[in-house]
Amino acid sequence: MMDEREFDRLAELVRAGHLSRRQLIDYLFRLGGIAALAGPGIALLEACGNQAQPSGGGGPVPAGYPGINQNITGSKITLHILLAQDYANEAPFKDLYVAFQRAYPNITLKVDNAVWEDIPTKVKTAALGGTPIDVMHQHAFEFGHIGLAENVDDLWSKWGKLGDFLPNSLKDVTWGGKKYGVPLDVNCMFTVYNKDLLAQVGANPPTSSMTWPQLRQELLKFAGKGIFGIGLSNSAWNNSGYVHSNGGDLLNAQQNQATINLPQNVAVIKLLNELGWKDKVGSNPTPTKRQDEPTALFLAKQSAVLLTGPWDLPDIRKGGINVGTTELPKGMGGSTNGSVQGGGSLFIGKNSKNREAAFEFMKWAVAVPHQVRMIKEMGRWSVIKSVYSDASIGANDPLVQPYFNQLKTATPYTLEAYPEGDKAWSDAVAGAYNGADAQQALDNAQKVASAAVK
Amino acid sequence: MRSRVVPARLLASRLAWPAVSSARRRRYLAAYAFVGPALVLLVVFAVVPMYYSLWVSLFDYGIAGSNEFTGLANYLHALHDQLFWKSLGVTSIYAVCSAALGLAWALGLAALVTQRLPFMGWFRILYFIPSVGSIVAVATIWLWMLDYNLGLVNYWLSLAHVGKLPFLQDARWALGSVIFIGAWIGASYNLPIYAAGIESVSRELFEAAQLDGARAWQRFRHITLPSIAPITRYTVIMAIIGSFQVLGLIDVLTNGGPDNGTLFTIKYIWEQGWDFLHLGYASAISLFMLLFLFLVTWQQLRAGRA
Amino acid sequence: MAAVASRSRLAVRGRFRRRRVPTAALSYALAVFFLIVFLFPFLYMFGTALKPNTEIYTWPPRVLPNNPVWTDFIAAWNGAHFSRYFLNSTVVAAVSVVTNVLFGSMAGYAFARLRFPGRNLMFLLVLATLMIPNAVLIVPLFLMMKDVPLTDPGGWLNTYQGIILPTAVTGFSIFLMRQFLAGLPMDLDEQAEIDGCNLFQTYWHVILPLSRPALAIIAVFTALTRWNDYTWPLVVANNPDLYTVQIGLAGFVHTHVAVWNLLMAGAVIAAVPMFVVYAVAQPYFAQSLSALGTGIKE
């Protein structure tokens, strides 16, 4: 239900006239249905006196958010927004909807949510149905490539805030040199380890200058000890990170050719999967929906090293593990630095009729105050450079430092834009971890992907 | 109710049905009225979409709006598509094995629970539970139990010194695991049907056989089995048809892998259509699959009649 | 495995025909064994639903938690917006049950007890629709729903009727009714006609009351399949207010982390109504399921 703090905040908004009765009822119903309306709703409605509706030209804009864009304050607009479920209903976003609609009283936000994995299906059905959604949440570059995202280079130039963003975060919205959206948040893969387990077998903890072979040497000390040195993952995304760390990539720079079987790629994948079936110090990766298994092993204290993103830290801390963190190994030779970047962006459905309003909403979603709230309340890391100088976001936490460093060199898994290439890579990696020869597996994948990647 | 008769009579006379008495015409119209709503719904929502699918299969259907007429190219491609034929093989193996295992299991259980022993009825009710839950939830639990490193089954196996088995890691084991789980659900689902069938066999037949000195196994083989043969035929056909529709189970357990070892045709269709956006091709192979299924079912019916 | 078990059990019964106790004991032992085989995964599901976050991943794996928490169920109910989604699933299931029972029984009655031109052909068509997998129909149905004439743009997408209509009647309902009704003696109809009933009265007052077992089966199986349906509601419903229970459950599988204990708790909650429906209708099963096999020779 609603706690006191929220109740007071809502009451204040209503009394000050910032929230209309209708918006209040809407918000309460979304909170908890009829029950919420019956209880706090009545109390709040009684508390409100006359509210002044802000009139044309836009309403109040909270500090730190973009100023009113007069181009969209005219006619009534309904913006359809589709966000991932674990974002759409969080407090920072709920407040964002309220604040945005307050600033633009002529705009109504219709926010739908779906599980991240289901969003591509919904994007495609919307496109098939001829009713594109205005703002959607996925990897924009993928949909730019398919042709379901609007090219927004013109809106970016008008905005002029390109330099505010972490450079690599923009890669999530760029395809073929054109931009198709606005990055929303970013994360990347780095190394997490259990200090106690490493000390138990006399292995040195990973450091930021370690190479993969050096890490392997330490992990070999786990042989026959009954626990795993490392939890291995055969996910396409994770393995693209290992490849990046060795200076390789799965697509060429122009993004029109698959480069799956580059020697750098093969070397890393070979080492990693041999850690599993050959050296027997890595766990056997499992398929599909158990992608959290390396984390599971780590939390169950059955493995000492985990290559994951910052989303696991809260659970790890709660699990009472003596944890240390560092960046991914510096490739095979120590001279390369890379990781895989995740996160998501907001993009506009192709042929949407409300481009500018949609882009305006996206600007609000990357406003500094909102991004700070996303870090603090949702654990989602910002794409805006200046946010990281805010001391309150916990950037000084020693566990998080290596993650920030790694962010600077992490690049997205771009092969995802070619679903058949993605599958070929996935299958090859899974086969390698199961004992197939890495070179052969990747060569096969290269053949299949080349046919699809054009 | 009398008012219904009058307009029917008028309608019948206006139709001028040749060589049919007006009373019979009325009956026919009434019959059509009974069948009408159901048939209309089925035609609109099951048959028409198939025609639409046929239409789409003649194109290189682009999601962003560009459709290129390609005629039978999709079908020709399907004929050469090794993965498609492999998927038909995988699905067929699954259909046959899980149906055989599941139905035999259901039959044995039905023989067990239809005995006149106290509390057997309770077992019968509880055995249906696997069919009540959503397939996704059930598949997820099995995914956990069969997990290689942290799963319960491998834990028990390691306690029994058998060692861990790659239930979902290895292509053949994965297919076997899926077959087992499919049979497990199938046994639970078909149990009430077989139980009802066994119970409907006349007791006099049993008593007569017992008087003649027939032993229990002979009674089962010569009375029960033939009596429920129609039911067996029905369950076999439904099991095979059902096997070709299994998608949720595969999505959760194996996602078609490893190495396309559990790539059921319906999963392949979904992949081609939704993931790779080859909607025209997906429509073509789905029609192929339907044809395959029709042939298999027809063959089953004929074999039953013989 | 089952065949061997039944053979050995029956052989034993043959040998000890006079002494029922050992065979009864063996039967119960087998029954309990299979009970474990069928229900153990659900015990595991229930155990996971009770686990606090820290006990989800353990080695060795545990079925039941050391410190069970019942709050998982509350968290699952809220987190998956079950109050709204339960309502939606119930509406979808209930309406589907009514349409299937009504239209299915009408059609089954006509196929089983009336003669009219085209009867066999139509029935064959009904059987044929049983073979069409749902997944194949999704795209065409979606496009059809979007372009329904005489409706707002968007057609029947995002509406209850959009979710319900494609499966308002299934071939299974019609088939089951036909099989069952074919087994009833024809003099019932003749007697009713002599008494002055027209076809509809015969159907409503004579046949339908006798069909309760079959209607129960149709109701249960329709409710089950509609309640557990995921893909079609997902594709049709864009507005979360229309989401069903299964879509809500899927929400626990987040991008990198799946909240397993809440997912299992939600699954348990979602399964309860269906089990109640099944338990209530179960006594009727026996009388009608045996009818399924008859008449399949054609």
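Residues numbered from 1 in each chain as written. Chains lettered and ligands numbered in written order. Predicted model: local features only at pLDDT ≥ 70, side-chain atom pairs only at ≥ 80, totals over all residues.

Remarks on the overall build of chain B
Definition in use: Under the scheme used here, helices are H or I runs from DSSP no shorter than 4 residues and strands are E runs no shorter than 2 residues, and both carry numbers assigned from the N terminus. Note on method: radius of gyration uses C-alpha positions; expected globular size equals 2.2 Å times residues raised to 0.38. Exposure criterion: with C-beta atoms placed from backbone coordinates, a residue whose C-beta has 20 or more other C-beta atoms within 10 Å is buried, one with 12 or fewer is exposed, and one in between is partly exposed.
Within chain B one finds 15 helices and two strands. The C-alpha radius of gyration computed for chain B amounts to 25 Å, which surpasses the reference 19 Å derived for 306 residues by more than 25%, pointing to a less compact arrangement than a globule. Oriented by its inertia axes, the alpha-carbon framework of chain B measures out at about 80 × 70 × 35 Å. With 306 residues in all, chain B has 47% of them scored as buried.

Details of the overall build of chain C
What counts here: Contact between residues is assigned whenever the C-beta positions, reconstructed from backbone atoms, fall within 7 Å.
For chain C, the count of helices and strands is 14 helices and zero strands. Seen in sequence order, chain C has helices and strands lined up from the N terminus as α-α-α-α-α-α-α-α-α-α-α-α-α-α. Expressed as a percentage of the 298 residues in chain C, the buried residues total 50%. Across chain C, every contact between residues at least 6 apart in sequence was considered, and the portion connecting residues at least 24 apart equals 74%.

A few points about unusual backbone geometry
Look at the link from C:Trp59 to C:Pro60: it is a cis peptide, with omega at -5°. Considering the arrangement of structural elements, one finds C:Pro60 in the loop between α2 (20-49) and α3 (71-79). Here A:Gln255, not a glycine, exhibits a phi torsion of approximately 60°, which is positive. Following the sequence through the fold, A:Gln255 ends up in the loop between α10 (236-245) and α11 (263-277). If you check the backbone angles, B:Asn255 has positive phi at about 55° while not being a glycine. Here B:Asn255 shows up in the loop between α13 (248-253) and α14 (265-275). On the neighbour-count criterion, B:Asn255 (18 C-beta atoms within 10 Å) is partly exposed.

Brief notes about the domain arrangement of chain B
Put simply, the rule is: Where each domain starts and ends follows an automatic or database-derived domain assignment.
Under the domain assignment, chain B is made up of domain 1 (2-56) and domain 2 (81-305). Its C-alpha centre places domain 1 of chain B at a distance of 38 Å from the equivalent point of domain 2 of chain B.

With respect to the nonpolar core
Put simply, the rule is: By definition, a nonpolar core groups buried Ala, Val, Leu, Ile, Met, Phe, Trp, Tyr and Cys residues that are joined through C-beta atoms within 7 Å.
Counting residues in hydrophobic clusters, the biggest one holds 302 residues, and the most contacted among them are A:Val135, A:Trp425, B:Ala38, B:Leu109, B:Ala110, B:Tyr194 and C:Ala107. The element contributing the most residues to this core is helix α9 (residues 171-199) of chain B, with 17 residues. Once residues lying within four places of it in the same chain are set aside, the contact partners of B:Ala38 are C:Phe103, C:Gly104, C:Met106, C:Ala107, C:Val169 and C:Ile174.

Things to note about the interface of chain C and chain A
Many analyses report the size of an interface as the accessible area lost when the parts associate. Note the threshold: By the convention adopted, Pro, Cys, Tyr, Trp, Phe, Met, Ile, Leu, Val and Ala count as nonpolar, Lys, Arg, Asp and Glu as charged, and the other residues, Gly among them, as polar.
Contacts between chain C and chain A engage 25 residues on the former and 25 residues on the latter. Sorting the residues of the side of chain C that touches chain A by element identifies α4 (82-113), α6 (134-146) and α12 (231-236) of chain C as the ones contributing at least two each. Sort the elements by how many residues they give to the side of chain C that touches chain A and α6(C) lands first, with three residues. Split into classes, the residues belonging to the side of chain C that touches chain A amount to twelve nonpolar, eleven polar and two charged.

Re the interface of chain C and chain B
At the interface, 80 residues of chain C touch 84 residues of chain B. Looking at the side of chain C that touches chain B, the elements that each hand over two or more residues are α1 (2-15), α2, α4, α5 (119-129), α6, α8 (171-182), α10 (199-210) and α14 (260-289) of chain C. Counting residues per element, the side of chain C that touches chain B draws most heavily on α2(C), at twelve residues. When grouped by side-chain class, the residues that make up the side of chain C that touches chain B number 62 nonpolar, 15 polar and three charged.

Observations concerning the packing of α9(B) against helix α12 (residues 229-243) of chain B
Residues and elements named next belong to chain B. For the record, the criterion: Throughout, an axis means a line fitted to C-alpha atoms (over the contacting stretch in the case of helices), and angles, computed between N-to-C directions, take values from 0 to 180 degrees. Oblique is the label for any angle not covered by the other classes, which are roughly parallel (under 35 degrees), roughly antiparallel (over 145) and roughly perpendicular (65 to 115). Each crossing is labelled by how the near helix is turned from the far one, with a counterclockwise turn of less than a right angle marking it left-handed and a clockwise turn marking it right-handed.
At a minimum axis distance of 10 Å, the contact between α9 and α12 shows a crossing angle of 160°. Considering the angle they form, α9 stands roughly antiparallel to α12. In terms of crossing hand, the pair formed by α9 and α12 is right-handed. Of α12, the residues touching α9 (which contributes Gly186, Asn190, Ile193, Tyr194 and Gly197) are Ile231, Thr235 and Ala239. Per-class residue counts for the contact of α9 with α12 are four nonpolar, four polar and no charged.

Quick word on the domain arrangement of chain C
Residue and element names in this part refer to chain C. You can read the domains of chain C as domain 1 (2-73) and domain 2 (80-293). Counting residues at the interface gives nine residues for domain 1, matched by eight residues for domain 2. Only α2 and α3 provide two or more residues apiece to the side of domain 1 that touches domain 2. Ranked by the residues each element gives to the side of domain 1 that touches domain 2, the list is headed by α2, at four residues. Across the side of domain 1 that touches domain 2, the residue classes tally to five nonpolar, two polar and two charged.

Brief notes about the sheet that holds strand β8 (residues 228-230) of chain A
Residues and elements named next belong to chain A. Threshold: Here, any two strands with at least 2 DSSP bridges between them count as paired.
With respect to topology, four strands assemble into an open sheet ordered β8-β9-β7-β10, the strand pairing being mixed. Edge positions in the sheet fall to β8 and β10 (323-326), since each of these pairs with one other strand and no more. Direction aside, the axes of adjacent strands within the sheet are offset by 25° on average. Of the pairings in the sheet, the one linking strand β7 (residues 190-194) to β10 comprises four bridges and is antiparallel in character. When the bridges of β10 are listed, Val192 appears paired with Thr325.

So, the confidence of the model for chain B
Test applied: Confidence scores here are pLDDT values: one per residue, from the predictor, ranging 0 to 100.
Across chain B, the average pLDDT comes to 85, with 91% of residues at or above 70. The weakest mean pLDDT in chain B belongs to helix α1 (residues 2-15) of chain B at 56; the strongest belongs to helix α4 (residues 82-113) of chain B at 93.

Some thoughts on the confidence of the model for chain C
Residue and element names in this part refer to chain C. Taken residue by residue, chain C gives an average pLDDT of 82. The fraction at 70 or more is 86%. By mean pLDDT, the top-scoring element of chain C is α4 (93), and the lowest-scoring one is α1 (46). Counting contacts from residues 1-19, a segment whose pLDDT is below 50, to residues more than four positions away or on other chains yields 28 contacts. Here the predicted complex scores 0.83 on pTM and 0.83 on ipTM.

Side note on α11(A)
Residue and element names in this part refer to chain A. The test is simple: Given a helix with a known number of residues, its expected span is that number minus one, times 1.5 Å.
Helix length check: α11, at 15 residues, gives a terminal C-alpha distance of 21 Å against a target of 21 Å (1.5 Å per residue), a fit within 8%. Here α11 has its buried residues at Asn265, Val266, Ala267, Val268, Ile269, Leu271, Leu272, Asn273, Leu275 and Gly276. Of the surrounding elements, those touching the buried residues of α11 are α9 (212-220), β8, α10, α17 (419-433) and α18 (438-452).

A word on the pairing of β7(A)
All names here are of chain A. Across the five residues that make up β7, a large majority, five, are buried. Alternating residues of β7 divide into Phe190, Val192 and Asn194 and Thr191 and Tyr193, and every residue in both groups is buried. Pairing between β7 and strand β9 (residues 303-308): four bridges, direction antiparallel. By the bridge assignment for β9, Tyr193 is matched with Val305.

Details of the packing of α10(A) against α11(A)
All names here are of chain A. For the pair α10 and α11, the least separation of the axes is 8 Å and the interaxial angle reads 120°. As the angle between them shows, α10 and α11 are arranged oblique. With respect to the hand of their crossing, α10 and α11 are arranged in right-handed fashion. Of α11, the residues touching α10 (which contributes Asn239, Tyr242, Val243 and Ser245) are Asn265, Val268, Ile269 and Leu272.

Notes on the environment of A:Ile72
Topologically, A:Ile72 is positioned in the loop between α2 (21-47) and β1 (77-84). Residues A:Ile72 and A:Met136, 64 residues apart in the sequence, show an inter-C-alpha distance of 19 Å.

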